[in-house]
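Structural features, examined
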Amino acid sequence: MTHSMIMRLLVVVSLCAASAGLTHSQEVRLNPETGSRETLRFHVGAYGALSINLHAANFGALPGTPSCCPEFGKAALVTPAFGGLFEMPITDTWRAQVRLGYSALSGLLTDKRVIGNEPVFDDGPVPIATRKDIEVDYSLDASLPLVVLEPAAAYKVLDLFWLYAGARAGYVIGNSFAQREDLVSPDGLVFAENGTTARNVVSGEIPEVRPFQLHVALGLGYELNVSNDVMLAPEVRYFVPVHPVSSVDWTVQSFQLGASIRYSLWRPVDPTVIFDTIYVRDTIIVERSSSADERVVLVSSDRSESRNREGDYEYRTVTIKEQYNKEIPRSFNPTLTLKPLNADGSERLGIDIIVIRETDVVESYPLLPQVFFDDGSSDLGTSRMQRIDPSSTRDFRTTDLSRDQFDVYYNLLNIIGERMRRIPTAKISLTGAVNNLGVEKNNRTLSQARAEAIRTYLVDVWGIDKSRISVNARILPEKHANVESEDGRVENRRVDIAASDPAILETVEFRDRDRSVDPKEIIFAVSVEGGEDIVGWDIDVAQRGINLYKDEGLGIPKEIVWKTEGERRPKLEEPIAVNLNVRNDKGQRKNLTDAIPVELITVQKAKGMQEGGKLIERYSLIVFDYNSAKLNESNQRVMDIVRSRVQPDSKVRIMGFADRTGDPEYNRKLATRRCEEAKNVLAVRDDQVTIEPVGSDRLIYTNDVPEGRSYCRTVQIEVETPIR
């Protein structure tokens with residue numbers, strides 16, 4: 001590193017430290033007296049230290065200075081260091097610091113040598129010249145006081161410790177040395193050349209000293225709060241030289257132990273001003289027969305303002321007191337009559353009753369024996385499968401799941417684990433596959449990893465013996481989806497599950513009770529007298545505060561249709577409140593309320609009334625293969641169950657569905673073939689069966705996920721059987 005490069009580095013560090021004040025500091029405190037926050041502007045203070053100068057010398061003489069020393073080596077000397085400091089926060093963990101003060105690179109270099117056959121005098125009454133082996137001490141006492149500038153950056157660690165890194169630039173303000181060579185052994189001898197025990201005694205300025213001494217500075221400090229604004233910081237610093245002291249091989253490292261005391265200057269944070277306007281209004285209603293329209297007239301207004309400072313917030317509130325007169329035009333009082341009609345438009349007898357009838361329902365939810373993964377992934381977490389911890393498996397019950405096809409599917413692995421525990425002889429096979437594109441191209445390893453991920457879950461969580469689960473890998477599934485479409489590529493990233501015992505993948509059956517509403521539609525006929533100026537209406541139908549139906553329109557209401565079997569249907573044996581409002585162009589309103597009684601006929605109540613009831617059973621044939629109407633083995637088992645439930649007086653409805661893939665017309669034909677296939681397998685009378693090939697005209701599940709598309713490729717069978 002050249003001297004010019006070093007100086008540029010020093011200038012850059014200095015400028016960074018000096019410009020730190022332009023950066024917003026994040027160090028804040030709460031003033032206990034004012035309750036306001038304050039930001040730290042900077043620290044000023046002083047420091048003092050003992051500097052241990054570690055000299056490393058590899059020279060025998062200074063330039064132009066006589067010396068017999070072969071080579072000076074290591075030396076150490078303790079010198080004082082002191083000065084002032086300025087420190088600016090940059091963030092709550094970074095600071096910039098500049099120190100200006102006094103230091104020194106002084107040291108005492110020594111060496112001890114034995115010189116053989118050296119001419120000396122015997123220091124007796126009569127000096128006698130001789131040659132002997134002698135021992136001498138060499139010493140070089142150097143004094144190098146400095147004025148130092150130390151720019152540095154500090155980083156906060158472990159809450160109160162600060163790491164420092166920067167530079168120290170020192171200007172030599174004094175330069176002197178004293179050198180000598182002393183004969184120390186044997187006693188009684190002097191040098192022949194001068195008749196004394198000392199020679200090469202030289203003092204003066206150190207030759208060729210660099211006027212600027214540059215060091216890299218590293219340090220560690222710890223801050224202690226002495227008071228609210230004063231800190232004491234014990235610290236240690238280490239200075240590594242960038243160049244020799246002079247032209248000879250002589251460098252000085254410094255190790256400082258000291259402390260600094262700092263005074264913190266804080267600046268209050270500008271308050272956040274919160275504006276608020278309070279209106280205090282008083283209105284007197286005045287009826288005026290001459291008024292054509294309702295209007296509000298301002299009579300008086302008074303404005304006042306207040307300010308209140310709380311901590312970092314200043315609240316400025318404007319209070320406006322206003323006095324109004326509300327002038328009301330002539331009254332609006334039309335006569336309203338609400339008359340319910342039957343669905344065919346015939347008049348019902350008064351306000352008739354709504355009947356909620358309970359029905360026994362058996363619903364069968366098929367298991368889709370496929371687990372889908374994200375592109376390039378074998379992480380079971382990307383499959384949307386519901387995972388539980390081993391301790392929860394004891395309490396897992398299939399019957400605790402909700403009557404929701406996706407809830408059943410997302411618990412597929414838990415259902416399989418629970419059933420394999422109950423059937424210890426059952427085995428399953430897992431066949432992983434990829435879509436054979438991109439990162440999955442010919443990636444049989446990924447196929448294997450996907451199957452292994454499922455086996456690991458069943459073994460680790462459900463405790464299934466690993467030998468009962470076989471793992472296989474393919475490139476594409478045996479019955480793969482369309483590889484040319486994005487939906488098909490997503491569906492091919494999967495693991496197929498097969499079981500040795502059909503009970504492992506049997507459908508999940510729920511027994512529950514549903515409620516239907518009769519009538520399914522009520523028409524409200526509204527007659528109005530004296531309401532020629534009506535411009536609009538709205539109606540609200542609710543039961544115990546829960547809205548069941550809302551509608552609105554313009555002009556005079558005539559017939560309003562409420563479909564009671566909507567998403568919000570009545571559920572309680574409590575009256576239904578009907579609230580009808582009409583309004584004129586002046587905003588005046590007239591209200592009519594009425595109530596419709598409700599009767600809840602439970603299954604037990606129906607039996608007591610000897611009316612009988614009905615059992616509704618719903619079955620879905622688990623996923624047909626892509627573009628197929630053929631019933632596979634698992635569907636055949638479902639059909640055996642359905643066939644056993646159909647009684648001579650049962651009514652059967654078969655509905656066929658498809659996913660969004662392909663042309664809607666083709667999908668309807670595919671759904672028809674699926675319905676016909678199911679009808680033929682059931683072998684029931686034609687007068688018992690109704691077929692509804694829906695296709696993809698109505699998607700029964702979301703098609704944005706592969707499991708939703710798979711469950712749309714299905715046939716749903718509903719069996720309605722009277723109960724006596």
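Here's a quick rundown of the structure.

Let's talk about the packing of aromatic side chains
All chains considered together, the criterion is met by 15 aromatic pairs. Where Tyr-409 meets Tyr-711, the ring centres are 6.0 Å apart and the plane angle is 80°; that geometry is what we call edge-to-face. Of this pair, Tyr-409 sits in helix α2 (residues 405–410) while Tyr-711 sits in helix α9 (residues 706–712), and the two are 302 residues apart along the sequence. Assigned by exposure class, Tyr-409 and Tyr-711 land together as buried. Counting every residue linked through ring pairs, the aromatic cluster contains Phe-406, Tyr-409, Tyr-410, Tyr-701 and Tyr-711.

Some points on the state of the cysteines
Enumeration over the complete set of coordinates arrives at zero disulfides. Free of any disulfide, Cys-68 has its nearest cysteine sulfur in Cys-69, 9.1 Å distant. Its relative accessible area of 37% is what places Cys-68 among the partly exposed residues.

Examining the nonpolar core
Of all hydrophobic cores here, the largest spans 42 residues; its most connected members are Val-371 and Ile-454. No other element matches helix α3 (residues 412–422), which puts five residues into this core. The contact partners of Ile-454, leaving out residues within four places of it in the chain, are Val-371, Phe-373, Leu-380, Leu-413, Leu-430 and Val-495. If you look at the next biggest cluster of nonpolar residues, it comprises 31 residues, including Cys-69, Ala-75, Leu-144 and Leu-146.

Focus on the layout of surface pockets
For the second largest pocket, the calculated volume is near 400 Å³. Forming the walls of the second largest pocket are 18 residues, and the residues nearest its centre are Glu-363, Tyr-365, Arg-618, Tyr-701 and Gln-716. Elements represented by at least two residues in the lining of the second largest pocket include exactly β20 (354–365), β33 (613–621), β34 (651–657) and β36 (715–723). Looking at side-chain class alone, the lining of the second largest pocket contains eight nonpolar, four polar and six charged residues.

Comments concerning the sheet that holds strand β9 (residues 176–185)
Spatial strand order, β10-β5-β6-β9-β11: five strands in an open sheet with antiparallel pairing. Looking at which strands have only one partner, the edges of the open sheet turn out to be β10 (189–191) and β11 (198–204). Within this sheet the neighbouring strands show an average axis-to-axis angle of 35°, counted without direction. The pairing of strand β5 (residues 107–122) with β10 spans three bridges and is classified as antiparallel. Counted as the bridge partner of Asp-122 is Leu-189 from β10.

Examining the environment of Thr-317
With respect to the secondary-structure elements, Thr-317 resides in strand β18 (residues 313–328). Measuring from C-alpha to C-alpha, the distance between Thr-317 and Thr-277 comes to 5.7 Å, with 40 residues separating the pair along the chain. Ignoring anything within four residues of it in the chain, the contact list for Thr-317 reads Asp-276, Ile-278, Ser-304, Glu-305 and Ser-306.

Details of the pattern of salt bridges
This model, assessed by the stated rule, comprises 45 salt bridges. With its nearest N and O atoms 3.0 Å apart, the salt bridge here joins Arg-199 to Glu-118. Taken together, the positions of Arg-199 in strand β11 and Glu-118 in strand β5 put the pair 81 residues apart, joining distant regions of the chain. You'll find Arg-199 and Glu-118 in the same group, each marked buried. Note that Glu-235 is salt-bridged to Arg-262, the shortest N-O span being 3.7 Å. Of this pair, Glu-235 sits in strand β14 (residues 230–241) while Arg-262 is found in strand β15 (residues 250–268), placing the two residues 27 residues apart along the sequence. Each member of the pair, Glu-235 together with Arg-262, is buried.

Cut-off values and rules
- Residues numbered from 1 in each chain as written.
- Predicted model: local features only at pLDDT ≥ 70, side-chain atom pairs only at ≥ 80, totals over all residues.
- Heavy atoms only, no water.
- Phe/Tyr/Trp six-rings, centres within 6.5 Å; stacked < 30°, edge-to-face > 60°.
- Helix = DSSP H or I, 4+ residues; strand = E, 2+ residues; numbered from the N terminus.
- Buried < 20%, exposed > 50% of the residue type's maximum accessible area, 1.4 Å probe, protein only.
- Disulfide = S-S within 2.5 Å.
- Core = buried A, V, L, I, M, F, W, Y, C linked by side-chain atoms within 4.5 Å.
- Contact = heavy atoms within 4.5 Å.
- 1 Å grid on protein atoms, 1.4 Å probe; cavity = no way out; pocket = protein on both sides within 12 Å on 5 of 7 lines; lining within 4 Å.
- Points joined across faces, edges and corners; volume = space filled by probe spheres on them.
- Nonpolar A, V, L, I, M, F, W, Y, C, P; charged D, E, K, R; others polar.
- Pairing = 2+ DSSP bridges.
- Axes fitted to C-alpha atoms, helices over the stretch in contact; angles between N-to-C directions.
- Salt bridge = Lys/Arg side-chain N within 4 Å of Asp/Glu carboxyl O.

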